[in-house]
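What follows is the residue order along each chain.
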Amino acid sequence: MGKLNKIIKDKNQLLLMMGVLHSSKAFVSPEVLHLDLTNMCNFDCIACWCRSPLLRDKAMPAWERKLTLPLPLLKSVFDDLFEMGGLKQVKLVGGGEPFMHPDILEIVEYIKNNDKKVQIDINTNFSLVDELIAERLIALGVDSLTVSVWAGTPEVYSSVHPNQTEATFDRIKEVLIFLHQLKKKLQVNHPRITIHNVILKLNYRDISEMIQFALDTGTHDIQFVPVDPVKSKTEALLLSDNEKGELLDLLYEIRKRYDSTSFQYTAEDKRRVVLSDFDGFISRTERLNTKSGAYDEDIIEEIPCYVGWLFARIMTTGNVVPCCKGHRMPMGNINKNRFKDIWNSDTYNNFRHKGINYPKSHGYFSRMGNKAVSKTGCYNCDNLWQNIPMQNKINLLRKEHPKLFKLSKFFLKKII
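Calculation notes
- Residues numbered from 1 in each chain as written.
- Predicted model: local features only at pLDDT ≥ 70, side-chain atom pairs only at ≥ 80, totals over all residues.
- Heavy atoms only, no water.
- Helix = DSSP H or I, 4+ residues; strand = E, 2+ residues; numbered from the N terminus.
- Rg over C-alpha atoms; globule rule 2.2 N^0.38 Å.
- Buried < 20%, exposed > 50% of the residue type's maximum accessible area, 1.4 Å probe, protein only.
- Disulfide = S-S within 2.5 Å.
- Core = buried A, V, L, I, M, F, W, Y, C linked by side-chain atoms within 4.5 Å.
- Contact = heavy atoms within 4.5 Å.
- Phe/Tyr/Trp six-rings, centres within 6.5 Å; stacked < 30°, edge-to-face > 60°.
- Polar contact = N/O pair within 3.5 Å; in protein donor to acceptor, adjacent residues only side chain to side chain.
- Axes fitted to C-alpha atoms, helices over the stretch in contact; angles between N-to-C directions.
- Parallel < 35°, antiparallel > 145°, perpendicular 65-115°, else oblique.
- Left-handed = near helix turned anticlockwise from the far one by under 90°.
- Salt bridge = Lys/Arg side-chain N within 4 Å of Asp/Glu carboxyl O.
- Pairing = 2+ DSSP bridges.

## Quick look at the overall build of the protein chain
At step 1: Counting secondary structure elements, the protein chain contains 17 helices and 12 strands.
At step 2: Relative to its length of 416 residues, the protein chain is compact, with a C-alpha radius of gyration of 21 Å against a globular reference of 22 Å.
At step 3: Along the three orthogonal principal directions, the C-alpha set of the protein chain runs to about 60 × 50 × 45 Å.
At step 4: The buried share of the protein chain, taken over its 416 residues, is 54%.

Structure (structure tokens):
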């Protein structure tokens, strides 16, 4: 009953749960907003959905690469979110590099000036962050940085970032160490650093070195995800069956030094780093289909999709899409309508209803993902980290208060 009491006492959590029980409408804003700030980028990462040199004719067109969300438009979105209540985190990400947006620091400042409790995470290749910007990030109160590295050594780094040199890797490492030392000097814990690594054929043998890189830079945690391919273009980056077996042997060996109760890996010199959802990465690797790249196929059909209440993504075109993989399923466009009107629209309500009532194999979800194959949209889900906890809350309510659960669903649908 303790966990449910917390939900009931938290107005926004209660409104969120009411929306889920209604099964269509939302009564509070998304908890997490992904903002594709800009499509401009100084990298051409080998597995990028937008700029990989392997994409050729499927690469993002030149006109789209120049798109950037303007500050005044973003302010109107934030104003809507603050008015609705419920926002917990803004992730500054995109089809490009967030630090190429001319107003990124002003965006951070606007959010923090309006609600200091809203956490800000910036997903970056970190190449444009120097010592001065690092100092500014601390001063502004940026909560976390997700730094895409994809390597543990300069040689591998240059192979997965074809237009970058080994010197770029060394410079990123240098600034990360500076940031770590500055945080210690100022006695602050922000921004928390997460090293993000997409694992593919070119770098899977570098995982031990990736962990060492995290240890050397004072990183808080490190995460690994399998590559998500684009049909007939980047599928060559998938591991073979033999390579998958080799990777699993390496992961099992690393796991011997991994404490699953604290998610920490302890090095021989006693330094530690959190291996974020390491067991989950092992499970995904075990399930990985080396032909299609799908890895979440089994669990996806077991868990309804609650992302329509928990998350929203705004792309540089202004399109509001419902999840990380939903870039081909726009719910509306902020150049035409206010975000709050899109969030409460019939189109969005329809998505919510289908998300928790329809199987992911239904044709409605066929536009999810990159269309590598029919099962790499919903079946490679980047929002499980939200869907699984929400499912646990629903299960808890259903188990401890079955009559209340049934009555709530019935009356919410009848009254609202």
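## Some details on the state of the cysteines
At step 1: On inspection of all chains with the given rule, the structure shows zero disulfides.
At step 2: Just so you know, Cys45 is unpaired, no disulfide at all, and the nearest cysteine sulfur is the one on Cys48, 6.0 Å from it.
At step 3: Summary of cysteine pairing: Cys50 is not part of a disulfide, and the nearest cysteine sulfur, belonging to Cys48, is at 4.4 Å.

## Here we look at the nonpolar core
At step 1: Of all hydrophobic cores here, the largest spans 112 residues; its most connected members are Leu35, Phe78, Leu92, Ile122, Ile207, Ile211 and Phe339.
At step 2: With seven residues, helix α4 (residues 71-84) is the largest single contributor of residues to this core.
At step 3: Ignoring sequence-local partners within four residues, the contact set of Leu35 consists of Leu69, Leu74, Phe78, Val90, Lys91, Leu92, Val93, Gly94 and Ile314.

## With respect to the packing of aromatic side chains
At step 1: This structure, assessed with the given rule, holds 12 aromatic pairs.
At step 2: Pairing Phe224 with Phe281 gives two aromatic rings, centres 5.6 Å apart and planes at 35°, and the pair type is tilted. Taken together, the residues Phe224 in strand β6 (residues 221-226) and Phe281 in helix α11 (residues 278-287) connect sequence positions 57 residues apart.
At step 3: Exposure remark for Phe224: the relative accessible area of 6% places this residue in the buried category.
At step 4: Here Phe281 falls in the buried class, since its relative accessible area comes to 2%.
At step 5: When the centroid spacing of 4.9 Å and the interplanar angle of 70° are considered together, the rings of Trp343 and Tyr348 count as edge-to-face.
At step 6: Assessed through its relative accessible area of 0%, Tyr348 is described here as buried.

## Remarks on the environment of Trp343
At step 1: Turning to its location among the elements, Trp343 is positioned in helix α14 (residues 339-343).
At step 2: Separated by 34 residues in the primary sequence, Trp343 and Trp309 have C-alpha atoms spaced 9.2 Å apart.
At step 3: Look past the residues within four positions of Trp343 in its chain and what remains in contact with it is Ala26, Val28, Ser29, Pro30, Met84, Gly308, Trp309, Phe311, Ala312, Tyr348 and Arg352.
At step 4: Side-chain polar atoms of Trp343 contact the backbone oxygen of Val28, separated by 3.0 Å.

## Brief notes about unusual backbone geometry
At step 1: A cis amide bond links His190 with the next residue in sequence, Pro191, at an omega value of -10°.
At step 2: Within the fold, Pro191 resides in the loop between α8 (166-186) and β5 (192-199).
At step 3: Despite not being glycine, Lys270 shows a phi value in the positive range, around 75°.
At step 4: With respect to the helices, strands and loops of the structure, Lys270 is situated in the loop between β8 (264-266) and β9 (272-276).
At step 5: Take Lys270: its relative accessible area is 67%, and that puts it in the exposed class.

## Digging into the packing of helix α6 (residues 131-140) against α8
At step 1: Remark: α6 packs on α8, axes separated minimally by 10 Å, with the N-to-C direction vectors making an angle of 40°. Considering the angle they form, α6 stands oblique to α8. Of the two possible hands of crossing, α6 and α8 adopt the one that is right-handed. For the pair formed by α6 and α8, the contact residues are Glu131, Ala134, Glu135 and Ile138 on the first element and Arg171, Glu174, Val175, Phe178, Leu179, Leu182, Lys183 and Leu186 on the second.

## A few points about the pattern of salt bridges
Close approach of charged atoms allows side chains of opposite charge to pair.
At step 1: For the coordinates displayed, the defined rule picks out 19 salt bridges.
At step 2: As a salt-bridge pair, Lys173 and Asp216 come within 3.6 Å of each other at their nearest N and O atoms. Of this pair, Lys173 sits in helix α8 while Asp216 is found in helix α9 (residues 207-216), placing the two residues 43 residues apart along the sequence.
At step 3: Lys173 sits in the partly exposed class, given a relative accessible area of 25%.
At step 4: Residue Asp216 is classed as partly exposed on the basis of its relative accessible area, which comes to 28%.
At step 5: Here the salt bridges do not stand alone but share partners, grouping Lys173, Asp216, Asp269 and Arg271 into one network.

## Examining the sheet that holds β8
At step 1: With respect to topology, 12 strands assemble into an open sheet ordered β7-β8-β9-β6-β5-β4-β3-β2-β1-β10-β11-β12, the strand pairing being mixed. Where the open sheet ends on each side, the last strands, each with one partner, are β7 (258-259) and β12 (332-333).
At step 2: Examined bridge by bridge, β6 and β9 share three bridges and lie parallel to one another. Bridged to Ile222 within β9 is Leu275.
At step 3: Seen against the sheet, α11 touches β5, β6, β7 and β9 and runs at an angle of roughly 15° to β6.

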